[in-house]
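# Reading the structure
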Amino acid sequence: MANTQHGRTIGMRSTLRREVAGTIGLLADEQDFTAMRRYRSFTFEDHKTYLRQVEGLLKSLAASGGHTTVALFDPEEYAEFCAETGLEPDTATSRTRFTAELASMGPSVPYDGQPLADLVPDLVEEAVRRATWTYASSVLAHIGPCAVCGQDIGRIAFARASYLLARVLDAIGEGIHHMVCSASTTRDPLQAVLHVHALAPDTVRLDESAAMELTTVLALAVATNSACGLVLRTSRTGERDQVYGWQLKDEGLHELTAAQVFDAYCIDAYSGDLMAPEPDVDYRSAPAANASDPDGRHRH
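Rules of the game
- Residues numbered from 1 in each chain as written.
- Predicted model: local features only at pLDDT ≥ 70, side-chain atom pairs only at ≥ 80, totals over all residues.
- Heavy atoms only, no water.
- Buried < 20%, exposed > 50% of the residue type's maximum accessible area, 1.4 Å probe, protein only.
- Helix = DSSP H or I, 4+ residues; strand = E, 2+ residues; numbered from the N terminus.
- Pairing = 2+ DSSP bridges.
- pLDDT = per-residue confidence, 0-100.
- Contact = heavy atoms within 4.5 Å.
- Disulfide = S-S within 2.5 Å.
- Patch = residues over 30% accessible without salt bridge, like charges linked within 9 Å, V, L, I, M, F, W, Y side chains within 5 Å.
- Areas by Shrake-Rupley, 256 points an atom, 1.4 Å probe, with all protein chains shown as cover.
- Salt bridge = Lys/Arg side-chain N within 4 Å of Asp/Glu carboxyl O.
- Lys, Arg positive; Asp, Glu negative; His and termini not counted.
- Charge placed at Lys NZ, Arg CZ, Asp CG, Glu CD.
- Core = buried A, V, L, I, M, F, W, Y, C linked by side-chain atoms within 4.5 Å.

Most of strand β7 (residues 228-235) sits out of view: six of its eight residues are buried. Sheet topology places β7 next to strand β8 (residues 241-249); six bridges connect them, and they run antiparallel. Looking across to β8, one finds that arginine 233 is bridged to valine 243. Here β7 folds back onto β8, and the loop between the two strands holds five residues, one of which, glycine 238, carries a positive phi near 80 degrees.

Have a look at this one:
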């Protein structure tokens, strides 16, 4: 009877374990891995071995039916976390506490059985997206009121950017659209990406979080009068892909010529290096977005 009860308890615990979600903090690049090696309790010596062990653990957790997310572990943020909370950084327990914090506030991606080599770029991209949105939102929130009219400049700029994006969505028509907003700031170039599936004139599917991020980057450019462009790649069944875009000027969007679109699409925004044009792609002038009207502008 006792053995039966013990076996039942183990079975129930195994069932519960499958329903517990977990998070693994990943040191994605070798520089971060090296920074963690200053802690004696962190016993890994080689980054490649560490990555293989992490991947093995992920596969094991997935095989047992568990759901695991992978978060980007930043050694600098970890040190700050330990200093703020009074934790000893050179312990596995503190690293676990920090990883738990990452699960609720840091960038993470779910593990669905994909190779770690495919997961890491997605995780880095998510971290960049989060950092971009945080920076742009912070700048907008701290610009303050207009010295002339007293209105909050960040709020006005966001409303204007929302209007501009809506006009673009009205103009692009049916198809699958890949939209990139690039803005030059005093810190670094910022980029936001939005995928739009327009199946019919009144049926548009998009990720609301991505739309918010793109609108925020566009609003930052509006508020700070920064150089900004919006480039789209449109795919339609049976047609060559089309690339076109607009330039932000005087709080309105102005159509780029085909040559300007080619330059914007074939030059890396960060390095400035020329990239080879893709085959089966047409670079063309943008459709009128009806977004250069004076309504909603804030100029004094």
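Let us now look at the pairing of strand β5 (residues 190-200). Judged from the nine bridges that link them, strand β4 (residues 175-183) and β5 form a sheet pairing that is antiparallel. Counted as the bridge partner of glycine 175 is alanine 198 from β5. In this structure, the hairpin formed by β4 and β5 is closed by a connection of six residues.

Moving on to the confidence of the model for the protein chain. Here the protein chain shows a mean pLDDT of 84. Residues at 70 or above account for 87%. Within the model, the stretch residues 6-20 combines pLDDT values under 50 with four contacts to residues more than four positions away or in other chains.

Attention now moves to the state of the cysteines. With the rule as written, the count across this model stands at zero disulfides. For cysteine 149, which is in no disulfide, the shortest distance to another cysteine sulfur is to cysteine 146 and amounts to 3.7 Å. Here cysteine 181 is not disulfide-linked; the sulfur of cysteine 228 is the nearest cysteine sulfur, at 3.6 Å.

Attention now goes to a negative patch on the surface. The grouping of Asp29, Glu30, Glu45 and Asp46 at the surface amounts to a negative patch. Along the chain, the position of aspartate 29 falls in the loop between β1 (21-26) and α2 (30-36).

In terms of nonpolar packing, the biggest core is built from 34 residues, with Val168, Met179, Leu214, Leu230, Leu232, Trp246 and Leu248 touching the most fellow members. Leaving out residues up to four positions away in the same chain, leucine 214 has contacts with Leu165, Met179, Cys181, Ala192, Leu194 and Leu230. Counting residues in each nonpolar core, the second largest holds 25 residues, with Ala28, Tyr39, Phe73 and Leu119 among its members.

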